[in-house]
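Residue-level listing of the chains:
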Amino acid sequence: METKEAWHLTLVVFICWLAVFVRADAEDDIAFSAGESDTTKFGQAKSVRYLLYDVNPGEGFNLRRDVYMRVTNLVKELNKEEPWVLVLPPWGRLYHWKSPDLEQIKIPWSTFFDLPSLREHVPVIEFEEYLKLRGEPVIDEVYYLQGFKGGWTKWEEKMNITECNEGTGFVQDEEGNWYSWFFGYEEVYAKKFACLSYMGHATFIKPFLLKNTTGRCVMLPRAEVLLHDHFGNSEYWKARRSMVFAKHLRNIGDEFRRENLDSTDPDDKTELEDWTKMKRNHGDALGGPYVGVHLRRRDYLYAREGNLPSLKGAAKQIKKILKKYNLQKVFVATDAPSEEFEEFKNYFKKSKVYRFVPSKEIKEKYKDGGVAIIDQWIAAHARYFIGSYESTFSFRIQEEREILGFDPDTTFNRLCPDNDSDCEKPSIWKIVH
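In this report, we go over the structure that sits alongside the text. (Residues numbered from 1 in each chain as written. Predicted model: local features only at pLDDT ≥ 70, side-chain atom pairs only at ≥ 80, totals over all residues. Heavy atoms only, no water.)

This part covers helix 12 (residues 360-380). The end-to-end C-alpha distance of helix 12 is 24 Å, clearly below the 30 Å that 21 residues give at a rise of 1.5 Å each. At Lys367, helix 12 is deflected by roughly 105 degrees, the largest bend along its length. In terms of burial, helix 12 is a largely internal element, 16 of the 21 residues being buried. (Helix = DSSP H or I, 4+ residues; strand = E, 2+ residues; numbered from the N terminus. Expected span 1.5 Å × (residues − 1). Bend = angle between axes of the 7 residues up to and from the residue. Buried < 20%, exposed > 50% of the residue type's maximum accessible area, 1.4 Å probe, protein only.)

What follows is the structure, encoded as structure tokens:
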């Protein structure tokens, strides 16, 4: 590794950590306050440590975004004691990314998200940046999170190093090093590996990381085991608001809105600002003159059988919304095969139905994940949004609309099954600043 490049990356890590530290200090509006029993001692500056995580391979893109929020708030807590940087796990091989013609591994977070915005919340770096900083493909300690064997009858926060409950995918070689998938980087290895049975919120593991680990980089596979400390509170929303989509994806979505849906941010009152300063009231956003729909199909027809409408039933519900809001256009984000989408379109004789179809260049460059984000971005800007039952894809759109300042009545809606036109609405999780 070139010394100049290593120095540059080290400087980047220091600056992004310092920026978060200064921001946290400003939020508290005080530099330091010593209580009556304070015994804080200041010694030499501590070396930066790194936290890496991974998620169950079967989990989808939008659940992984949720796990990021849990881990990022853990890192925020760790930084109150000593400097930690979150290493972003590369994207790849997700269940819903079906395009067989795309190489979808080792995808950096900058493909999907705006890294400067993430760094306004906690210090983060890409996995490849971490490897360059270390100068060798090594992770010092791995603690594979798992539930307690036999389950539980009483919920209580606890953790313990135990035998592994099942296959972990980690294999030890003759020299004692541990190898696994590691996001497709075959040369990467870990020096230490153990299974950690865990029940608790994300920050419950903080003392363990501070006092029971010494490695410069600690990895936590199966991080979905960590629970949100306070789901829906201001810290949750700070993490969520920091997850600004990459500008190149927003630009593609904005162009589609402008050319097909007569929708622009100034007209729709949806202009994006620095998330740390942006604070919208419900009803501030108007939205484009179209209905946004998330129409989940494929595996959901079986996984959520009885909770989804037929194509004809979905069209019937949407036509009522079009009439109520005096709209003529529908944007649909869907995993439906083309023949199903055409059938759905044919139910609309007086309205235009749109679907974002990426060019070959866009698909190759931004992958299935980028196309999904473009879909979410367009749907989030609609005058009215209606999603699918218990879908994290729909939930992420609802969060985006909360950030933009839409009326909750135009956001928290779901397509009802054909036999229940008055089905229960999704839970309403309003933004907290």
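So, about the state of the cysteines. The final tally for this structure, using the stated rule, is 2 disulfides. With a sulfur-sulfur separation of 2.0 Å, Cys164 is cross-linked through a disulfide to Cys195. Its S-S torsion of approximately 95 degrees makes the covalent link between Cys164 and Cys195 right-handed. Of the two residues, Cys164 is situated in the loop between strand 5 (158-162) and strand 6 (171-172) and Cys195 in strand 8 (residues 189-199); the sequence distance between them amounts to 31 residues. Note on Cys164: relative accessible area 34%, which makes it partly exposed. Looking at Cys195, the relative accessible area reads 2%, which means it is buried. A sulfur-sulfur distance of 1.9 Å marks the disulfide that ties Cys416 to Cys423. Between Cys416 and Cys423, the disulfide has an S-S torsion of -75 degrees and is therefore left-handed. When sorted by exposure, Cys416 lands in the same class as Cys423, which is buried. (Disulfide = S-S within 2.5 Å.)

A few words on the packing of aromatic side chains. The final tally for this structure, using the stated rule, is 31 aromatic pairs. Ring centres of Phe61 and Phe112 lie 5.4 Å apart, and the angle between their planes is 80 degrees; this geometry places the pair in the edge-to-face category. Linking Phe61 in helix 2 (residues 61-78) with Phe112 in the loop between strand 2 (84-88) and helix 3 (115-119), this pair joins segments that are 51 residues apart in sequence. On the accessibility criterion, Phe112 (0% relative accessible area) is buried. Taken together, the ring pairs in this structure connect Phe61, Tyr68, Trp91, Trp97, Trp109, Phe112, Phe113, Phe245 and Trp377 into an aromatic cluster. Above the plane of the ring of Phe148 lies Lys158, whose end atom (NZ or CZ) is 4.6 Å from the centre. The cationic tip of Arg401 hangs over the ring face of Phe406; the distance from NZ or CZ to the ring centre is 3.8 Å. (Phe/Tyr/Trp six-rings, centres within 6.5 Å; stacked < 30°, edge-to-face > 60°. Lys NZ or Arg CZ within 6 Å of the ring centre and 35° of its normal.)

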